[in-house]
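Structural features, examined
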Amino acid sequence: MSSPPVASAGWSRWLVPPAALSVHLSIGQAYAWSVFKPPLESALHLDGTQSALPFQLAIVMLGLSAAFGGTLVERNGPRWAMTVALVCFSSGFLISALGARTEQYWLIVLGYGFVGGIGLGIGYISPVSTLMKWFPDRPGMATGIAIMGFGGGALIASPWSAQMLESFGTGPNGIALAFLVHGLSYAVFMTLGVLLIRVPRAPERTTAGDAVAAAPTGVRVSARSAVRTPQFWCLWVVLCTNVTAGIGILEKAAPMITDFFADSSTPVSVSAAAGFVALLSAANMAGRIGWSSTSDLIGRKNIYRVYLGVGALMYLLIALFGDTAKPLFVLCALVILSFYGGGFATIPAYLKDLFGTYEVGAIHGRLLTAWSTAGVLGPLIVNWIADRQEEAGKDGPALYGLSFAIMIGLLVVGFAANELVRPVHARHHVPDPKEAPDVQREQPA
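On a predicted model such as this, the values are computed, not experimentally measured, just so you know.

**Remarks on the overall build of the protein**
Assigned secondary structure in the protein consists of 18 helices and zero strands. Seen along its three principal axes, the alpha-carbon backbone of the protein occupies a region of about 80 × 50 × 40 Å. Looking at the protein as a whole, 53% of its 445 residues qualify as buried. About 18200 Å² of surface is accessible on the protein, with carbon and sulfur atoms providing 66% of the total.

What follows is the structure in structure tokens.
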């Protein structure tokens, strides 16, 4: 696939976020995998660990493909990246459909987990640098719009998938047909993004009414140099701790709120716990656009001070008073999850501030290894400690006290790492091509 066409003089930059959304809303289906777990367990005689394997592998491949494919995305452009994401994500469903139809579970793991996971990673980072080049004045808002789609994809995919399984059946043939429809539908939807994406002219030009002055070139740092800077690793710690804290609530939300109020006069019902999970998803989505847009006004370092500092305070309130009032528990959890989503959406703009847009997509891809780490660390902390406390005869809020204390400590570490972030030293900068001849003339003969 050739590089995307440069936008014509009449092209509006506001067409670029919908192009990004078409990809992110599609790959956001990953968060709705749980809809397929019960039918797969029944139809293919799997246990819970086995049925989770495709999703787990997909998240691992998301981090790996984003880290190792980021440079290719920067080199070949967003249209190439979106095409690769389309082919991998959609074909992953088609391979899974074959696996379900033939009752070969390894094909579902290969298709959805490995092949589809590559599509997740490449698709996640595909529009990042392009959006920030189009919106140099509001990079947080621009990336927040797209990354909000990843958080919201499950809100579409969950009821849609459930309806298909109800219509087609939950046997191998019904599951296969649902996978097939997913693969074909997402291919069509993601094609809209492939066709719509444009890169800005240099200097940037926008339509009348999009009053954005041509931005200066500014800092230019390559991905290879970025990973050698302390700033990159400070942000790695910041993202990892913020995501770990969010997953600490998200991954065990339903049983957690049930445990907290099990001995109260009004215990939480199964349906109420499910509603709580839906509220957390909404907070996750809202935080991605709301907090990232706020970062354009108050600055990236300040917004992460809020995520990490106020997040630690929310965990402390839950630990001390969470079992005394449901509204307090729910409010604190919603704030933490909004920070979780906001952290994902704000980090590309933070990277742009420090390293420029030169290879920000590749740098972002490498930083997403922090997500992979947090995806293991968060559930491990909460579940392992809860299991040990239960074995010791404890129940209710006592199951989570120690894990909440650990989360507070991690957020304090992240807060400190954020405070250590400074502008990148000039020795890491790539010279501006326009300055190269002048630099060369200044060299001694």
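**Details of a negative patch on the surface**
Judged by side-chain charge, Asp263, Asp387, Glu390 and Asp395 come together as a negatively charged surface patch. Mapped onto the elements, Asp387 comes out in helix α16 (residues 369-391).

**Regarding the packing of aromatic side chains**
Under the criterion given, the structure shown has 31 aromatic pairs. The interplanar angle of 35° and the centroid separation of 4.8 Å between the aromatic rings of Phe36 and Phe179 together place this pair among those described as tilted. One end of the pair, Phe36, is in the loop between α1 (16-27) and α2 (37-44); the other, Phe179, is in helix α8 (residues 172-196), with 143 residues separating them in the sequence. The exposure class assigned to Phe179 is buried, which follows from its relative accessible area of 0%. Members of the aromatic cluster, joined through ring pairs, are Trp33, Phe36, Phe89, Phe93, Tyr112, Trp160, Phe179 and Tyr186. The side chain of Lys326 reaches across the aromatic face of Phe261, ending 5.8 Å from its centre.

**Focus on a nonpolar patch on the surface**
Together, Leu94, Phe168, Leu177, Leu180 and Leu184 give the surface a local cluster of nonpolar side chains, amounting to about 390 Å² of exposed area. Looking at the nonpolar patch, the element that brings in the most residues is α8, giving three residues. Checked against the element boundaries, Leu184 lands in helix α8.

**Observations regarding the pattern of salt bridges**
If charged atoms from side chains of opposite charge come close, those side chains can pair. Scanning the entire structure with this criterion turns up seven salt bridges. A salt bridge links Asp137 to Arg138; the nearest nitrogen and oxygen atoms lie 3.6 Å apart. For Arg305, the salt bridge goes to Glu419, with nearest N and O atoms at 2.6 Å. Note that Arg305 is positioned in helix α13 (residues 300-321) and Glu419 in helix α17 (residues 401-419), a separation of 114 residues in sequence. The network of salt bridges with shared partners includes Arg13, Asp137 and Arg138.

**Let's talk about the nonpolar core**
Of all hydrophobic cores here, the largest spans 128 residues; its most connected members are Tyr124, Phe179, Ile249, Tyr315 and Phe355. Beyond its immediate sequence surroundings of up to four residues, Phe355 is in contact with Val219, Arg220, Val221, Ala226, Thr229, Gln231, Phe232, Ile363 and Val424.

**Let's talk about the side chain of Gln231**
Within the secondary structure, Gln231 is located in helix α10 (residues 230-250). For Gln231, a relative accessible area of 8% puts it in the buried group.

**Considering the packing of α13 against helix α14 (residues 326-355)**
At their nearest, the axes of α13 and α14 sit 9 Å apart, and the two run at 160° to each other. As the angle between them shows, α13 and α14 are arranged roughly antiparallel. Two packed elements cross with a definite hand, and for α13 against α14 that hand is left-handed.

**Considerations on the environment of Val128**
Among the structural elements, Val128 can be located in helix α6 (residues 128-134). For Val128, a relative accessible area of 2% corresponds to the buried category. Sequence separation between Val128 and Gly365 is 237 residues; the distance between their C-alpha atoms is 9.9 Å. Sequence-distant contacts of Val128, defined by excluding residues within four places in its chain, comprise Thr143, Pro348 and His364.

**Details of unusual backbone geometry**
Backbone geometry places His45, a non-glycine residue, at a positive phi of 60°. Turning to its location among the elements, His45 is positioned in the loop between α2 and α3 (48-76). Of the residues examined, His45 reaches a relative accessible area of 70% and is grouped as exposed. One non-glycine residue, Glu103, lies in the positive phi region at around 60°. Mapped onto the secondary structure, Glu103 falls in the loop between α4 (78-102) and α5 (105-125).

**Describing α1**
Side chains that are three or four residues apart share a direction in an α-helix, a result of its 3.6 residues per turn. Between its first and last C-alpha, α1 extends 17 Å over 12 residues, near the 16 Å set by a 1.5 Å rise per residue. Burial of α1 is extensive: 10 of the 12 residues sit out of reach of the surface. Those residues of α1 not exposed but buried are Val16, Pro17, Ala19, Ala20, Leu21, Ser22, Val23, His24, Ser26 and Ile27.

**A look at the packing of α10 against helix α15 (residues 360-367)**
Two elements in contact, α10 and α15, have axes whose closest approach is 10 Å; the angle formed by their N-to-C orientations is 50°. When the interaxial angle is binned, α10 and α15 end up oblique. Remark: the crossing between α10 and α15 carries right-handed chirality. On α15, the residues that touch Phe232, Leu235, Trp236 and Leu239 of α10 are Ile363, Arg366 and Leu367. Within the contact of α10 with α15, the residues separate by chemical class into six nonpolar, no polar and one charged.

Rules and cut-offs
Residues numbered from 1 in each chain as written. Predicted model: local features only at pLDDT ≥ 70, side-chain atom pairs only at ≥ 80, totals over all residues. Heavy atoms only, no water. Helix = DSSP H or I, 4+ residues; strand = E, 2+ residues; numbered from the N terminus. Buried < 20%, exposed > 50% of the residue type's maximum accessible area, 1.4 Å probe, protein only. Areas by Shrake-Rupley, 256 points an atom, 1.4 Å probe, with all protein chains shown as cover. Patch = residues over 30% accessible without salt bridge, like charges linked within 9 Å, V, L, I, M, F, W, Y side chains within 5 Å. Salt bridge = Lys/Arg side-chain N within 4 Å of Asp/Glu carboxyl O. Lys, Arg positive; Asp, Glu negative; His and termini not counted. Charge placed at Lys NZ, Arg CZ, Asp CG, Glu CD. Phe/Tyr/Trp six-rings, centres within 6.5 Å; stacked < 30°, edge-to-face > 60°. Lys NZ or Arg CZ within 6 Å of the ring centre and 35° of its normal. Core = buried A, V, L, I, M, F, W, Y, C linked by side-chain atoms within 4.5 Å. Contact = heavy atoms within 4.5 Å. Axes fitted to C-alpha atoms, helices over the stretch in contact; angles between N-to-C directions. Parallel < 35°, antiparallel > 145°, perpendicular 65-115°, else oblique. Left-handed = near helix turned anticlockwise from the far one by under 90°. Expected span 1.5 Å × (residues − 1). Nonpolar A, V, L, I, M, F, W, Y, C, P; charged D, E, K, R; others polar.

Remember, this is a structural readout, not a statement about activity or role.
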